[in-house]
Structures are given as structure tokens and as C-alpha cells.
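The primary structure of each chain is shown beneath.
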Amino acid sequence: MDLVPVLEEPLKKVLGPPTAKVMAEHLGLHTVGDLLHHYPRRYAERGELTRLAELPLDEHVTVVAQVATARVLRFNGGSGQRLEVTITDGSGELQLVFFGRGIHKPHKDLLPGTRAMFAGKVGVFNRKMQLAHPAYQLLTADSSEEAAETVGSWAGALLPIYPATAKLESWKLAKAVDLVLPSAQEAVDPLPESLREGRGLVPLTEALLKIHRPHTKADIADARARLKWDEAFVLQVALARRRFADTQLSAAPRVAKPDGLLTAFDAKLPFTLTDGQQKVSKEIFDDLATEHPMHRLLQGEVGSGKTMVALRAMLAVVDAGGQAAMLAPTEVLAQQHHRSITEMMGELAQGGMLGGAEHSTKVVLLTGSMGTAARRQALLDLVTGEAGVVIGTHALIEDKVHFHDLGLVVVDEQHRFGVEQRDALRSKGKQPPHLLVMTATPIPRTVAMTVFGDLETSVLDQLPAGRSPIASHVVPAADKPHFLARAWERVREEVGKGHQAYVVCPRIGDDEDEKPKKGAKSAAKKQSAEDEAEKRPPLAVLAVAEELAHGPLQGIRVEVLHGRMHPDDKDAVMRRFAAGETDVLVATTVIEVGVNVPNATAMVIMDADRFGVSQLHQLRGRVGRGAAPGLCLLVTDMPEASPARARLGAVAATLDGFELSRIDLEQRREGDVLGQAQSGVRSSLRMLAVIEDEEIIAEAREEATRVVAADPGLERLPGLRTALDALLDEEREQYLDKG
């Protein structure tokens, strides 16, 4: 009997259209099942209060606390009034403020000694934490009917506090959950009974009741253990099915000829490969030799020599009669790769040309901005097989691009590409081509999918000889302006030694109003330093370059580089910088990956708090690429206590990209584990934390692999099939399928 429709019932039928609309728009909840899986963030105990001392700034919070004092203050010569209420929980105090006509009800309700739940956004006023006009729900009984009802509905010792929004407080969500909780009885259990009993997990219906309305802490622990297993197992089954399907595909084995192009290339290398590069190359060559498509992730520290490993794999495929395509996220990077690969290969990249070596091929570039003639020639070289290697941007994906025999796709900086784009390129092979995905910093989705074991993984964690250490420091420009002045002195010193520097800004800035409007200054004074830093528009390349050229870096050759420049102009700027004709390059993040100028030793990142952890690490990897030590200065206006400053401190404290990716994932959680950023799908992970629950995930993977091997279509497990459909709706399933 299929009981799923009860959980698929739209919330507007159960809760009414207005509430359902808020839940859909602000929390992404559409059905009864969605709401049942919207778990409490934490629980407040009747006798125990939330730690007010640890409230996060700028977040919407729900707290349970007691009123300490309440007073009405007059301002504007007595014409205005506000109610100030101080609440306490023993760990700290929080101020509530109500203005104007909105003070009458709280003034009557919030008497000293009253206990209540309060919800609102945490702000700062006069260096004190406060909630302005918070919503509240009394937890104290008096004669009124409403209060008696409240006490009745919160009879349990543990009050669930739900992830809420300004439009929908936690207690309103709790009431909505009460309405749908009976439907939990209809939930189909996805775990095979033997697995559930073998691990001592409670049934799903019991877990849902215990997570929403626990009587004891043991109830919460039981429910969490069960719901984490659900998420890990169902996701692992999806990945195991995909791995199983991959093994059913056939690909052409690509084995390098003993004395072909790869041998000739290796013979002319002026250095020896690191042990790591040799080990990883062997893993890739073994994969390429099989009759199933390789599906491998190559993770490497910034500058660990991933491009060299990828190029050798591409040459092996060309040796075996196939073609290899490298997909780069930007034109600057595609041009850079094309230039460095043709330089490394020398006469081996001049196939069919005068002066080309005996074992040679043609290496072509294909980007959207190429001239018609060059583009036509590149397309011709691909379709005839004349070009063994092509490096390009999204232009490679277009319908009119045809390959003679595509054998390998290398995707550089995997997180920049939508899955559909990668898939479109893979579909251009006669048979599925082998796939090698590269990333310099394992960003959260990659880390998560790696922990989930969806790709075979190779790691390059050894830096080639000749790379220099990079010192990183946070420059608190707002607290200590003289630190910023010293940063520009350091840039001058590096240039004085014959080196070069980058200055990175978050935006270009030729189309926005740079200056704050009149009167904005006095308003800004009333805000906290963090608010001010947040509200100020991000610093722009054009404005900063001009300021530097006429100010602290006067007399030094400064140029700009950004994404809206014509590709030829971008290329010319990069060439001048690489040739040492420019001292300081003021740029957006177009320099984030692949740009290799060994003489650049310093980088100043303006508004560093506006970049993600992995992005900062990538940017920093542009310096210290030669013999001289690198310096990276992270400039910020954020106050010392802010989470943004803590994030910058973490980046300054370690050069280990793998460690930083863990920090990044812990901070951002797994919102995009299933590729939210790429497919617009909400993360299905509500209970599972990828870093903390590695063990559960590993065990679930083993179980899932066993289940799928025995029953690939899940014919004998209809409950699991149903859960898979609910968790991985069609769009998300395809997302995983495309990998």
C-alpha cells in the first residue's frame, strides 16, 4: 500500500495559503514531508536558559530568558517614547527595545520575573547586543486563556527551537508541526529492516516523533542517530547506483605507445617529476587503460604541478590515437594554459607544421572571442583529428564543435562549471570519454562528495622544488589605519627589489556610484563598525588603481585587469606583467587560478572578508611561485570579534588547502553538497554534518554498495526506492548522474 501522498500533501491545504506561502518562500518547505523533516535546531530546557553571552551577530535567533528590568524612556523633548527591557539567562544580558505605539502590549506583558521566548535579529546599539521589536511568547501562566494554552502546548521539559525567519517565529513553526505530526505515522521506512535492527536504530515514525517532541535527551539522541543514518544511507545508495551504472558503460582503453609523444615529452623535461606526480600519473594511466570510463578527481595544493600531470595524461591519450580536451573556467586561464602547454611541449606541439617533431600533435585554443578565421581553423583541426589537444572555455561545448575521437576530458577548477556543461562536453565522444577533474583547493562540495566517495581521488600534496613559503597577515584597516600605510610600503619595498605585486579587489567599479550619498556619514555613525563595513560598497579595481597610482604607489607602473576587458587587452596586460613591464597589477579574481608569474612576490587583497576561504587560498597561491618568499596581506574593515575576522585569521594561520577546506565546510555547512549552487536544489542534508559524521558516511557507503550490488533496481526495497525519489528528485538525481 503506497502511503506517500499523505507526506506529499501541499502545506497550503493543511496550514492555509498565507502560512504555507511564507514557509515556501523563506524556508523552502512545500509539503507535509518537508515540514516533518524541518528539525529543531536545538532545545531549550524549562529550567535552563539559552546562553545569551554566545549569541551570533546579525542572525535571527530564538531565546528563552527572564525579564530583569523594564523601563519607558522619553526622547525628542518628550514626544517620542521607547520601552527598554533587559532580559537575562545567568550567562549574560540582552536588551530588547520597542518604539512608539508598539510599546503598550510588551509594557503590560514583560514585567520583571516574567519568562518568555523571544525571537528577532541580533543587532548592536551603543556597543550592546539588542533585539529591536522582537516577537515573544510568554511561558508564564496567569489567568488569561492564551497564557494557559501556551503553558499547555509547552508542557514538555524540552522546548524545540526551530530554524526560523523574521516572518515566522519558532513557536509558530512548532504549532504547524503539531498539526502535521500525526502524518509521521504514514512515513515509509527506507532502511532495510535487517540493517535497522542490526544497528539498533529506532523506526522512522518513532524518530520523527522524538525529534520534534522529545521527553528526554535520550529521545533526541535516538532520533538524531536514526535520521543521520537515513540521510547518509539514501544518499550513498544514489551514489552507489551511479557507480554501478558507470561500471556498465564501456570506454575505449587508451594506452600510450612505448616510444611515442609522451616518451618524447618526458625526455625533454628540464626537471624530474616529484614522487607524488609519478604516483598520481600511474593511477591515471591505469584508469585510462581500462574499458570503463575513468572518473577521477585530482586534488592538489596550489602549485603542486597538477597541470603537468594532466598534460601527460592528455599526451598518453593522443599517443593512443584519441583526442584530449581541457576545459578552463575563464579566457585568461585558457590562454595561459595554452601558452604554458605549447611552451612546455616546444616542437612536439607543432604537428603538421614546418619544424614539428616526428612525434608531434597540434595544440589548439578555442574561446568565444576568437576571430572567425582562427575559429574555423580550430574547428577543422578538431573534426579531422589534426589537433590532438584542445584547450578552451565554454566555447568547446557548443553544438558546432565536433571531435574526430574524444578520449579524455580534463576539467580545470571543477567548482566553476555547472554539471550540464561538463556533461555536454563528455557527450561529444563516440563512446563516453575518460574524465579527469582538477581542483586546487578542495572546496566544500568536492570535500563532501569525496567523503561520500563518489569519485576516485588522487592527491598531490608535495610541492615541486623551488617553491617558496608565503607569509600571510591580516591588516585591520579600520582599527589600525597605519597598518594599511605599512602594507603599501611593503609593496614598494618588493618592487624596489625588482619583484612585482598583485592588488585584488572584489569588483570592477565603472558602473556603480562610488561615493556615499550626502548625509550617509551621520547615519553611518549610528551603526556598529561591522554594519558599516557590511554596508559600504566593496572596493573597486578602477578606483583603487587610480588612488594607488596617485598616492602610495606613485612613480610605480600600475595596470588594471578585469573580466569586462576585451580578451586581447586582457592577454596583453598579462603578457606585460609576465614580462616584468608592469610592477603592480590591480585586478579582480580573474587572476585566481592558473596565472603563473614567478617574479610576483606580494599580494594585497582588499576587502578580504568578502571572499570565501578557498578563494583566498587560491589567490594567495599566485605569489611565492619563484625563489623569493611570498607575502599575502588580507585587508579588512571587520571588527576583531566578527566571524569574518576569525575566517581571515584561519587563512593567515595555515597554507594547507586541505585544512582550509575543512574549515570552509564547517563554517558554510553542506548547503551545496548536492550542488545547490549548480542546480538550484536545496541541500537534503538536514541532520548530517559531513565533517563530524565521516564514520557514519563510510559505514553507510559500505552498506549501500552491498545493497545495490545485490539489487541494482531496488526491486525488493520499495521503501528505499520511495525515499530515494523524495530525497533525490529528478533534477538532483540527474545532477548526481552527471557527476
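Residues numbered from 1 in each chain as written. Predicted model: local features only at pLDDT ≥ 70, side-chain atom pairs only at ≥ 80, totals over all residues. Heavy atoms only, no water.

S.K.: Would you take a moment to explain the overall build of the protein chain for this structure?
M.R.: Looking only at helices and strands, the protein chain features 29 helices and 21 strands. The 739 residues of the protein chain split such that 53% are buried. Within the protein chain, counting contacts between residues at least 6 apart in sequence, those at least 24 apart form 74% of the total. Split by element, the accessible area of the protein chain, about 32,500 Å² in all, is 52% carbon and sulfur. (Helix = DSSP H or I, 4+ residues; strand = E, 2+ residues; numbered from the N terminus. Buried < 20%, exposed > 50% of the residue type's maximum accessible area, 1.4 Å probe, protein only. Contact = heavy atoms within 4.5 Å. Areas by Shrake-Rupley, 256 points an atom, 1.4 Å probe, with all protein chains shown as cover.)

S.K.: For this particular structure, what's the right way to read the packing of aromatic side chains?
M.R.: The description of an aromatic ring pair uses the distance of the two centres, along with the angle that the planes make with each other. Following the criterion strictly, the structure yields 4 aromatic pairs and no others. Taken together, a centroid distance of 6.4 Å and an interplanar angle of 45 degrees make the contact between Phe118 and Tyr136 tilted. Here Phe118, found in strand β5 (residues 115–125), pairs with Tyr136, found in strand β7 (residues 135–138); they are 18 residues apart in sequence, far enough to count as distant. Phe118 sits in the buried class, given a relative accessible area of 0%. An aromatic cluster of at least three residues, connected via ring pairs, comprises Phe98, Phe118 and Tyr136. (Phe/Tyr/Trp six-rings, centres within 6.5 Å; stacked < 30°, edge-to-face > 60°.)

S.K.: Whenever I open this one, a negative patch on the surface confuses me. Can you help?
M.R.: On the surface, Asp461, Asp656, Glu659, Glu666 and Glu692 cluster together to form a negatively charged patch. Among the secondary structure elements, Glu666 is positioned in helix α25 (residues 657–668). (Patch = residues over 30% accessible without salt bridge, like charges linked within 9 Å, V, L, I, M, F, W, Y side chains within 5 Å. Salt bridge = Lys/Arg side-chain N within 4 Å of Asp/Glu carboxyl O. Lys, Arg positive; Asp, Glu negative; His and termini not counted. Charge placed at Lys NZ, Arg CZ, Asp CG, Glu CD.)

S.K.: For this particular structure, what's the right way to read helix α27 (residues 694–710)?
M.R.: Since there are 3.6 residues in each turn of an α-helix, residues three or four apart along the chain are aligned in direction. Counted at 1.5 Å a residue, the expected span for α27 with its 17 residues is 24 Å, and the 25 Å between its end C-alpha atoms agrees. If you check which residues of α27 are buried, you get Ile696, Ile697, Ala700, Glu703, Ala704, Val707 and Val708. For α27, the angular spread of the buried residues around the axis is 130 degrees, confining them to a single face. Facing away from the buried side of α27, by more than 90 degrees, are the exposed residues Glu695, Glu702, Arg706, Ala709 and Ala710. (Expected span 1.5 Å × (residues − 1). Arc of directions from axis to C-beta.)

S.K.: Help me out: how do you make sense of the sheet that holds strand β20 (residues 600–605) in this one?
M.R.: Strand-to-strand pairing in sheets goes through backbone hydrogen bonds, with the strands running parallel or antiparallel. Read across the sheet, 6 strands follow the order β16-β21-β20-β17-β19-β18 without closing on themselves; strand pairing throughout is parallel. Looking at the sheet topology across the chains shown, the edges are occupied by β16 (470–476) and β18 (558–561). On average, each strand axis in the sheet is inclined to that of its neighbour by 20 degrees, with strand direction left out of account. Contacts from helix α18 (residues 481–496) reach β16, β17 (500–504), β19 (584–587), β20 and β21 (630–636) within the one sheet, and its direction differs from that of β20 by about 160 degrees. Where helix α21 (residues 541–550) meets the sheet, its contacts fall on β17, β18 and β19, and the angle it forms with β19 comes to roughly 150 degrees. (Pairing = 2+ DSSP bridges. Axes fitted to C-alpha atoms, helices over the stretch in contact; angles between N-to-C directions.)

S.K.: Please clarify how the pairing of strand β9 (residues 295–300) should be interpreted in this entry.
M.R.: Each regular strand displays side chains that alternate between the two surfaces of the sheet. Of all 6 residues that make up β9, 6 are buried, and the element is covered over most of its length. Of the two faces of β9, the one lined by His295, Leu297 and Gln299 and the one lined by Arg296, Leu298 and Gly300 are each fully buried. Note that β9 and strand β14 (residues 434–439) share 5 bridges and pair parallel. The residue of β14 that forms the bridge with Gln299 is Thr439. In terms of strand pairing, β9 meets strand β15 (residues 456–460) through 5 bridges, oriented parallel. When the sheet's bridge partners are listed, Leu297 is paired in β15 with Thr457.

S.K.: I tried to follow the side chain of Thr86 on my own but got confused; where do I start?
M.R.: For Thr86, the location among the structural elements is in strand β3 (residues 80–88). In contact with Thr86, other than residues within four places in its own chain, are Gln66, Val67, Ala68, Thr69, Glu93 and Leu94.

S.K.: Before we go on, may I ask you to explain helix α13 (residues 306–319) in this structure?
M.R.: Taking 1.5 Å as the rise per residue, α13 with 14 residues should run 20 Å; its terminal C-alpha atoms sit 20 Å apart, in good agreement. Across the 14 residues of α13, 13 count as buried, placing the element largely inside the fold. Of the residues flanking the end of α13, it is Gly321, one or two places downstream, whose phi is positive at about 90 degrees.

S.K.: I keep staring at the sheet that holds β9 and nothing clicks. Help me out?
M.R.: One open sheet holds the 7 strands; their spatial order is β11-β12-β10-β13-β14-β9-β15, and the pairing between them is parallel. Only two strands of the sheet have a single partner each, and these edge strands are β11 (362–366) and β15. When the angles between neighbouring strand axes are averaged without regard to direction, this sheet yields 20 degrees. The pairing of strand β10 (residues 323–327) with strand β12 (residues 387–392) spans 4 bridges and is classified as parallel.

S.K.: What is the right way to read the pairing of strand β4 (residues 93–99) from this model?
M.R.: Where burial is concerned, most of β4 is hidden: 5 out of the 7 residues are buried. Where β3 hands over to β4, the hairpin turn is made up of 4 residues, of which Gly90 adopts a positive phi near 90 degrees. Where β4 meets strand β6 (residues 128–132), 3 bridges bridge the pair, whose relative direction is parallel. The residue bridging Leu96 from the neighbouring strand is Leu131, located in β6.

S.K.: Just checking my understanding: could you explain the nonpolar core for this structure?
M.R.: By size, the foremost hydrophobic cluster in this structure holds 38 residues, and its most contacted members are Phe265, Ile284, Met345, Leu408, Val410 and Leu436. Residue contributions to this core peak at 10 residues, all from α13. When residues no more than four places from it in sequence are discounted, the contact partners of Leu436 are Ile284, Met294, Arg296, Leu298, Ala310, Leu408, Val409, Val410 and Val411. Judged by nonpolar contacts, the second largest core, of 34 residues, contains Leu7, Met23, Val177 and Leu204. (Core = buried A, V, L, I, M, F, W, Y, C linked by side-chain atoms within 4.5 Å.)

S.K.: Would you mind going over the packing of helix α23 (residues 613–620) against helix α24 (residues 643–653) with me for this structure?
M.R.: In contact at an axis separation of 10 Å, α23 and α24 are set at 40 degrees when each is read in the N-to-C sense. Crossing geometry of α23 relative to α24 is assigned as right-handed. Taking contact as the criterion, the partners of Val613, Leu616 and Arg620 in α23 are, on α24, Arg647, Leu648, Val651 and Ala652. (Left-handed = near helix turned anticlockwise from the far one by under 90°.)

S.K.: Mind showing me how you'd approach the pattern of salt bridges here?
M.R.: Side chains bearing opposite charge may pair, as long as their charged atoms lie close to each other. Per the stated rule, a full pass over the model turns up 36 salt bridges. One salt bridge connects Asp266 with Arg312, and the closest N-O pair in it is separated by 2.8 Å. Of this pair, Asp266 sits in helix α11 (residues 261–268) while Arg312 sits in helix α13; the two residues are 46 residues apart in sequence, bridging distant segments of the chain. What makes Arg312 buried here is its relative accessible area of 8%. Linking Arg610 and Asp607 is a salt bridge whose minimum nitrogen-to-oxygen distance equals 3.6 Å. Here Arg610 falls in the partly exposed class, since its relative accessible area comes to 30%. Of the residues examined, Asp607 reaches a relative accessible area of 3% and is grouped as buried. Overlapping salt bridges, with partners in common, bring together Arg486, Glu489, Arg490, Glu493, Glu494 and Lys497 in one network.

S.K.: How should unusual backbone geometry be read in this particular structure?
M.R.: Most peptide bonds are trans, and most residues other than glycine sit at a negative phi. One non-glycine residue with positive phi stands out, namely His133, at about 45 degrees. Note that His133 resides in the loop between β6 and β7.

S.K.: Just to check I follow, could you spell out the environment of Leu396 for this structure?
M.R.: Tracing the sequence through the fold places Leu396 in the loop between β12 and β13 (406–412). Take Leu396: its relative accessible area is 0%, and that puts it in the buried class. Contact partners of Leu396, with chain neighbours within four places excluded, come to Ala325, Met326, Leu327, Leu366, Val390, Val401, Phe403, Leu425 and Lys428.

S.K.: I tried to follow the confidence of the model for the protein chain on my own but got confused; where do I start?
M.R.: Per-residue confidence for the protein chain averages 82 on the pLDDT scale, and 83% of its residues sit at or above 70. Mean pLDDT per element in the protein chain: helix α26 (residues 676–679) is the minimum at 36, and β17 is the maximum at 96. Low pLDDT, under 50, characterises residues 670–683; the predicted model gives this stretch 47 contacts beyond four residues in sequence or across chains. Predicted confidence for residues 735–739 stays below pLDDT 50, and this span has 22 contacts to residues more than four positions away or in other chains. (pLDDT = per-residue confidence, 0-100.)

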